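# Secondary and tertiary structure notes
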Number of protein chains: 2
Amino acid sequence: MSGYVRHLAERAREAASVIARLDGDARRRLIERMADALSERRAEVMAANAEDMERGRSNGLGDAVLDRLKLDDARIDSMAQGLREVAAQTDPLGVVTRRDVRPNGVVIERQRIPLGLIAMIYEARPNVTADAAALCLKAGNAVLLRGGSEARASNAAIAACLHSALRAGNLPEAAVSLVSDPAREHVLELLQLSDLIDLAIPRGGESLIRFVAEHARVPVIKHYKGVCHLYVDASADVAQALDLLVDGKASRPGVCNALETLLVHRDIAATFLPRAMERLSARGVEVRGCERTRAIVPQARAATDDDYAAEYLDFVIAVRVVDDLDAALAHIARYGSDHTEVIATQDAAAADAFVRGTRSSAVMVNASSRFNDGGQLGLGAEIGISTTRLHAYGPMGAESLTIERFVVRGEGQVRHADSRG
Amino acid sequence: MSGYVRHLAERAREAASVIARLDGDARRRLIERMADALSERRAEVMAANAEDMERGRSNGLGDAVLDRLKLDDARIDSMAQGLREVAAQTDPLGVVTRRDVRPNGVVIERQRIPLGLIAMIYEARPNVTADAAALCLKAGNAVLLRGGSEARASNAAIAACLHSALRAGNLPEAAVSLVSDPAREHVLELLQLSDLIDLAIPRGGESLIRFVAEHARVPVIKHYKGVCHLYVDASADVAQALDLLVDGKASRPGVCNALETLLVHRDIAATFLPRAMERLSARGVEVRGCERTRAIVPQARAATDDDYAAEYLDFVIAVRVVDDLDAALAHIARYGSDHTEVIATQDAAAADAFVRGTRSSAVMVNASSRFNDGGQLGLGAEIGISTTRLHAYGPMGAESLTIERFVVRGEGQVRHADSRG
């Protein structure tokens, strides 16, 4: 270990205590200044991004990666706008979330405080640099950012904008610290710093997340893949269920809240599947089905066990006809990833049984899987979607970057009477 | 790895899904049956405990350990009573904690669900076996228990009582699974089972907790030591502050919420310290002070830097005179353990600055540090006191063994208009 990341983290941790003491108004103004700086200094950011794009092209990066990497006027506007939305959110700190008076007159309050120093380890999309910094600062934390090397010039230019906003407020630049040296060993060093880093959030492909989970000595909140299911119950409204299917699968197949598997109750399969096939084909979606599916829609290819475990992130869907809701729940328990499950039903009892029977971070009744997203669920923005069943589960907004502690107010109460003078 | 613990954990995980489906009433009755079984079968439990005590004595265990190990009628009554209190608590599950209607008419609810399978790794005190099982079950979880080898007969006898209560409800015994083979390698195996165990909670000495933190691939919530401070502000009510000092230090010095360090504002030191010395001496507490302390109370021994970092767990206290509240906060930031800090003050502004300036799990204004305890804070019981700034911070009751997820209810809403048929 070179000590390079430890040194960065020590300075970031000192900065965290400065940020923690700011009031909500000061944190709001800071993030607004960051949005302004990004807008005003866009020429620098785009020049740096052009450099990353050129290096990416000559290194043979794929079109999908290059698309995620690219920044243009519209994307910079949208990044700045995202920051303004985070700034405008209700302050998550200092709120008394619960209050209780004990029989001895002591008043117990629960109160949100910052986590401290958060490390973000991510790939490709440079907007994460701005989003993660804004959410961490909104919640009174400092952040240590480790982006992908393919975006290093863009990330440095964005960080320079954020630093100018910190300086303008007489605040330490180290509150947003960038691990700019691309060596992989620095990630390893970072993951050992359990005395300095309160939480690490990896965001990117499965191999990055597994690497972080495997090597971390600091607490990690992660999300692996999203194998999301739509279960069409016997009592579903067919037109609604078809819309949920098309939206979930075809509106943006490359994201983690897209549908990967369709489960259909046998009593509605003959009605539903031919129309589903038609709608999916019209959107270019390939269907892979079980034998009972193919008996109804023979043009579907045969699905294997691997298909039910797959996160395609593509215009492909696995389909299975099931005997009943319990069979759908058993399928989800076996193949699911705790991300998002949807039921289409007009039967309130079936909806309740489905909600009770799934343990995923989000369960949707007659609503699209695509709503499992911080913005859509009213959080304003998200730093990631957790499938770790600890601390935060589902989209993580600014509030997920805080922790509740106890504040106890008394008038000299003691626990043992013989302590009194 | 022998696979012995994996096999236990697989069965416990299956049992977890059975427990998760019980309603609150069934979980309450289950824990009441456990309390009854402990009361009724106390002869078996005491016979097993006598065996542990005898082996402990011939192995040369110290008196403090033997005292923690010992069970008698009163302690079994108190264990059963603790279970009845957990049973009687409000059900933490299924509660809609927040509700929001989005502009598109979709209803967003947050709802508590169980964590899943919790592993508890602990030492000596056999009552943890019953307490941990009751809290985990109350929150709809299964539990994998790994107690210390010195208590193995007692733990097995208590687990047998809990199992009889599970059987009487036609529930799987594996919901409370005991790792009874004492080999240390089983703890190592348990800590690797990230596909089966949702959370591990170590409870015991610092070396046990460090061992767990170092080897765990599963999420861990831990508490290290409690270096708790009382800061006596210039504006303190002296009589109140003296009571808080004696209660915090002398009412039970061996516990983690006992005071270890006293910080005194220089303007009140000459008034406060002589009376503090008198009260502490009367309770047999040794005082180790800084030079300014010893100028006022020369009978105090000289404190070193190690004294300010120490968790004495004994009738000893470190004392320092500080220039002001900021100096007290700086001392706590340097030597504190994020556990419990107390201010004695009649100045509301000083109280606010102290609360804002400390990041500990509990901060007390004119109330004893000894109130940082699940029962005292109204949680009914605790499975431990977390100083991990994630998920739970401070005493963890049944609610800390749940997680909030999203339930979304719509009428066919989709995210993209062109998904509609």
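Conventions adopted
Residues numbered from 1 in each chain as written. Chains lettered and ligands numbered in written order. Predicted model: local features only at pLDDT ≥ 70, side-chain atom pairs only at ≥ 80, totals over all residues. Heavy atoms only, no water. Helix = DSSP H or I, 4+ residues; strand = E, 2+ residues; numbered from the N terminus. Expected span 1.5 Å × (residues − 1). Buried < 20%, exposed > 50% of the residue type's maximum accessible area, 1.4 Å probe, protein only. Contact = heavy atoms within 4.5 Å. Arc of directions from axis to C-beta. UniProt positions renumbered as here; feature names shortened; annotations may be inferred. Pairing = 2+ DSSP bridges. Axes fitted to C-alpha atoms, helices over the stretch in contact; angles between N-to-C directions.

## Comments concerning helix α2 (residues 24-40) of chain A
Residue and element names in this part refer to chain A. Compared with an ideal rise of 1.5 Å per residue, which puts 17 residues at 24 Å, α2 spans 24 Å between its outermost C-alpha atoms and is within 8% of the ideal. Turning to α2, its buried residues number three or more, namely Ala26, Arg27, Leu30, Ile31, Met34, Ala35, Ala37 and Leu38. Against the buried residues of α2 lie α1 (4-20), α3 (42-58), α5 (73-88), α6 (127-138), α7 (152-168) and β5 (176-178).

## With respect to helix α1 (residues 4-20) of chain B
Residue and element names in this part refer to chain B. The end-to-end C-alpha distance of α1 is 25 Å, a good match for the 24 Å that 17 residues give at a rise of 1.5 Å each. Within the span of α1, buried status applies to Val5, Leu8, Ala9, Ala12, Ala15, Ala16 and Ile19. For α1, the angular spread of the buried residues around the axis is 125°, confining them to a single face.

## Observations concerning the UniProt feature "domain: Aldehyde dehydrogenase" (unreviewed entry) in chain A
UniProt annotation of "domain: Aldehyde dehydrogenase" (unreviewed entry) refers to residues 5-282 of chain A when read in the numbering used here. From the first C-alpha to the last, residues 5-282 of chain A spans 51 Å; its make-up is 54% helix and 16% strand.

## Examining the sheet that holds strand β9 (residues 286-289) of chain B
Reading across from one edge, β1(A)-β2(A)-β16(A)-β13(B)-β12(B)-β7(B)-β8(B)-β11(B)-β9(B)-β10(B) is the order of the 10 strands in this open sheet, with mixed pairing throughout. At either end of the open sheet lies a strand with only one pairing partner, and these are β1 (96-101) of chain A together with β10 (301-302) of chain B. Pairing analysis gives 5 bridges linking β1(A) to strand β2 (residues 107-114) of chain A, with the strands arranged antiparallel. What sits directly across from Val101(A), in β2(A), is Val107(A). Taken strand by strand, helix α10 (residues 238-250) of chain B contacts β16 (402-413) of chain A together with β7 (228-232), β8 (259-265), β11 (316-322), β12 (340-344) and β13 (362-367) of chain B, and its axis lies near 160° from that of β8(B). Each of β7, β8, β9 and β11 of chain B touches helix α11 (residues 266-282) of chain B; the most contacted strand, β8(B), lies at about 145° to it.

## Observations regarding the sheet that holds strand β16 (residues 402-413) of chain B
Spatially, β10(A)-β9(A)-β11(A)-β8(A)-β7(A)-β12(A)-β13(A)-β16(B)-β2(B)-β1(B) is the arrangement adopted by the 10 strands of the open sheet, whose pairing is mixed. Both outer strands of the open sheet, β10 (301-302) of chain A together with β1 (96-101) of chain B, are each paired with one neighbouring strand and no more. When strand β2 (residues 107-114) of chain B meets β16(B), the two strands line up antiparallel, connected through 8 bridges. From the neighbouring strand, Val107(B) faces β16(B), where its bridge partner is Arg409(B). Of the strands in this sheet, β7 (228-232), β8 (259-265), β11 (316-322), β12 (340-344) and β13 (362-367) of chain A together with β16 of chain B are in contact with helix α10 (residues 238-250) of chain A, which crosses β8(A) at around 160°.

## Structural notes on unusual backbone geometry
With a phi close to 55°, Leu313(A) is a non-glycine residue in the positive phi region. Along the polypeptide, Leu313(A) turns up in the loop between α13 (305-309) and β11. Residue classification places Leu313(A) among the partly exposed positions, given a relative accessible area of 36%. The phi dihedral of Asn170(B) falls on the positive side, at around 60°, and the residue is not glycine. Here Asn170(B) shows up in the loop between α7 (152-168) and β5 (176-178).

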